[in-house]
Amino acid sequence: YLPPPKSCNVTTYTLAIMSHTTERLQTFMDPLSSMVDSWPGLTEIIIVWNSPRETLTSVANNEGVEGKKVDGKQQKYATKLLQWNEDTSHPLRIYFSLENG
């Protein structure tokens, strides 16, 4: 469901997603790729990360979490998510909630 083309003189919107584990990154990242290109008005995507930053970065760096072996798909998506966050031309940003109280 998309919002109406114009509501209250607003023509853009933000998509907010909450996550805390790398196990489900593929579930929302595959659709995000197409949303960025095809949803008019989508100007910002905020991922609220509700785990320590290291939960994401250690998987991206192939270090594993709590002694668990890193799954190749999880590593791929964690790396891609962090790259999108660093790319200032991409609308996605990660908000690391535990670092911000």
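**Brief notes about the overall build of the protein**
Along the protein, the regular secondary structure elements total three helices and three strands. Counting from the amino terminus, the protein carries its helices and strands in the arrangement β-α-β-α-α-β. Relative to its 101 residues, the protein shows a buried fraction of 36%. Across the protein, every contact between residues at least 6 apart in sequence was considered, and the portion connecting residues at least 24 apart equals 66%. Carbon together with sulfur atoms contributes 51% to the accessible area of the protein, which is approximately 6,600 Å² in total.

**Examining the environment of Ser 51**
Position of Ser 51 relative to the elements: it lies in the loop between strand 2 (42-49) and helix 2 (53-60). Through-space distance from the C-alpha of Ser 51 to that of His 20 is 5.0 Å; in sequence the pair is 31 residues apart. In terms of polar contacts, Ser 51 uses its side chain to reach the backbone carbonyl oxygen of His 20, at 2.6 Å.

**A short note on the nonpolar core**
In this structure, Leu 25, Leu 32, Ile 47, Leu 56, Leu 81, Leu 92 and Ile 94 are the most contacted members of the largest nonpolar core, which totals 23 residues. Elements with a minimum of two residues in this core: strand 1 (13-19), helix 1 (25-38), strand 2, helix 2, helix 3 (72-86) and strand 3 (92-96). Those residues in contact with Leu 32 that lie beyond four places of it in its chain are Leu 15, Ile 17, Ile 45, Ile 47, Trp 84 and Leu 92.

**Focus on the confidence of the model for the protein**
In the predicted model, the protein carries a mean pLDDT of 87, and the fraction of residues at 70 or more is 89%. Mean pLDDT values for the elements of the protein range from 89 in helix 1 up to 97 in strand 3.

**Details of the packing of aromatic side chains**
If you walk through the whole model with that rule in mind, you get one aromatic pair. With 6.5 Å between their ring centres and 45° between their planes, Tyr 13 and Trp 39 make a pair best called tilted. Here Trp 39 lies in the loop between helix 1 and strand 2 and Tyr 13 lies in strand 1, a separation of 26 residues in the sequence. Lying across the ring of Phe 96, Arg 53 places its NZ or CZ 3.9 Å from the centre.

**Some details on helix 3**
A rise of 1.5 Å per residue sets the reference length of helix 3, with its 15 residues, at 21 Å; its end C-alpha atoms lie 21 Å apart and thus fit the reference within 8%. The set of residues buried in helix 3 consists of Tyr 77, Ala 78, Leu 81, Leu 82, Trp 84 and Asn 85. Across the axial projection of helix 3, the buried residues extend over an arc of 155°, all falling on one side. Among the exposed residues of helix 3, those pointing more than 90 degrees away from its buried face are Gly 72, Lys 76 and Glu 86. Turning to helix 3, the residues buried within the fold contact helix 1, strand 2, helix 2 and strand 3.

Quick notes on the rules
- Residue numbering note: each chain is counted from 1, following its sequence as written.
- pLDDT decides what is reported in this predicted model: residues at 70 or higher carry local features, side-chain atom pairs at 80 or more are listed and counted, and totals for whole chains, interfaces and linings draw on all residues regardless.
- Heavy atoms from the whole structure form the basis of all side-chain values; hydrogens and water molecules are not counted.
- Numbering goes from the N terminus for both helices and strands, where a helix is a DSSP run of H or I of at least four residues and a strand is a run of E of at least two.
- Exposure is judged per residue with a 1.4 Å probe applied to protein chains only, and the accessible area is read against the type maximum: over 50% gives exposed, under 20% gives buried, and values in between give partly exposed.
- The contact criterion used is simple: two residues touch if any of their non-hydrogen atoms lie within 4.5 Å.
- Methods summary: accessible areas were calculated by the Shrake-Rupley approach with a probe of 1.4 Å, and residue burial reflects only the protein chains presented.
- We call two N or O atoms a polar contact when they sit within 3.5 Å, provided that within protein one can donate a hydrogen and the other can accept it, with sequence-adjacent residues counted only if both atoms are side-chain atoms.
- For our purposes a nonpolar core is just a set of buried Ala, Val, Leu, Ile, Met, Phe, Trp, Tyr and Cys residues, chained together by side-chain atoms within 4.5 Å.
- The quantity known as pLDDT measures the predictor's confidence residue by residue, on a range of 0 to 100.
- Any pair of Phe, Tyr and Trp rings, taking the six-membered ring for Trp, is counted once the centres come within 6.5 Å. Such a pair is stacked with planes under 30 degrees apart, edge-to-face with planes over 60 apart, and tilted for the rest.
- Charge-over-ring contacts are defined here by two conditions on Lys NZ or Arg CZ: a distance within 6 Å of the ring centre and an angle within 35 degrees of the ring normal.
- A helix's residues, less one, multiplied by 1.5 Å, set its expected span.
- Directions pointing from the helix axis toward each C-beta atom define the arc.

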